[in-house]
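# Structural description and commentary
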Amino acid sequence: MAFENPSREEIKEILLSAGNIAVVGLSDKTDRTSYMVAQALQSNGYRIIPVNPTVNGEILGEKVYPSLSDIPEPVDIVNVFRRSEQTPPVAEEAVKIGARVLWLQLGITSDEAYEIASKGGLTVIMDRCIKVEDSILIGKRS
């Protein structure tokens, strides 16, 4: 069966019910897309949890974790800024930690990651920008 993203209404519900968003591949460089997307989500009320094994300390005022498994609290959405071929292990870890959604950013797709995550009970969104979807479907939260 071919992959199909959830409907816009389903994506809206996912975003409305999300609290913690782990951002895999979040850069500490302010000119990177991952940083700008995470910053926009954070300013719109989401809790961002940076995941980057090469950065110590904090990004956007939040403690950076080397992997999803190191995060000591529940994660609703795993938002991925990694090359497509690097996403299957992220999907495996997302299943392992009990995340609800695996979200691969714009330009990122992986049939293997989709299979792993969907078999593990996660909703999968691929090749969509979470910031754009949030802006279109939710807008500014008060």
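Numbers given to residues run from 1 along each chain, matching the order in which its sequence is written. Only residues with pLDDT of at least 70 are given local features in this predicted model, and only at 80 or more are side-chain atom pairs given and counted; all residues enter the totals for whole chains, interfaces and linings. Values reported for side chains reflect all heavy atoms of the structure, with hydrogen atoms and water molecules removed beforehand.

Labelled according to an unreviewed UniProt entry, the chain appears under the name CoA-binding protein, originating from Paenibacillus mellifer.

To continue, consider helix 4 (residues 111-119). Only protein chains enter the accessibility calculation, which uses a 1.4 Å probe; a residue is then buried when its area is under 20% of its type maximum, exposed when over 50%, and partly exposed in between. Where helices and strands are cited, they refer to DSSP runs of H or I of at least four residues and of E of at least two residues respectively, numbered from the N terminus. Within helix 4, the full set of buried residues consists of A113, Y114 and A117. The arc that holds the buried residues of helix 4, viewed along the axis, is 100°, so those residues lie on one side. Structural note: helix 4 exposes D111 and K119 on the side pointing more than 90 degrees away from its buried face. Buried residues along helix 4 sit in contact with helix 3 (87-97), strand 6 (101-104) and strand 7 (123-125). Positive phi appears at G121, one or two residues downstream of helix 4, with a value of about 90°. The reported arc concerns the directions from the helix axis to the C-beta atoms and nothing else. Two residues form a contact once any of their heavy atoms are found within 4.5 Å.

The pairing of strands in a sheet comes from backbone hydrogen bonds and takes either a parallel or an antiparallel form. Pairing is parallel across the open sheet formed by five strands, whose spatial order is 2-1-5-6-7. On the outer flanks of this sheet lie strand 2 (47-51) and strand 7, each paired with one strand and no other. Adjacent strand axes in the sheet meet at a mean angle of 20° when their direction is disregarded. Two strands are counted as paired when DSSP detects at least two bridges linking them. Here an axis means a line fitted to C-alpha atoms, over the contact stretch when the element is a helix, while the angle between two N-to-C directions is reported on a 0 to 180 degree scale.

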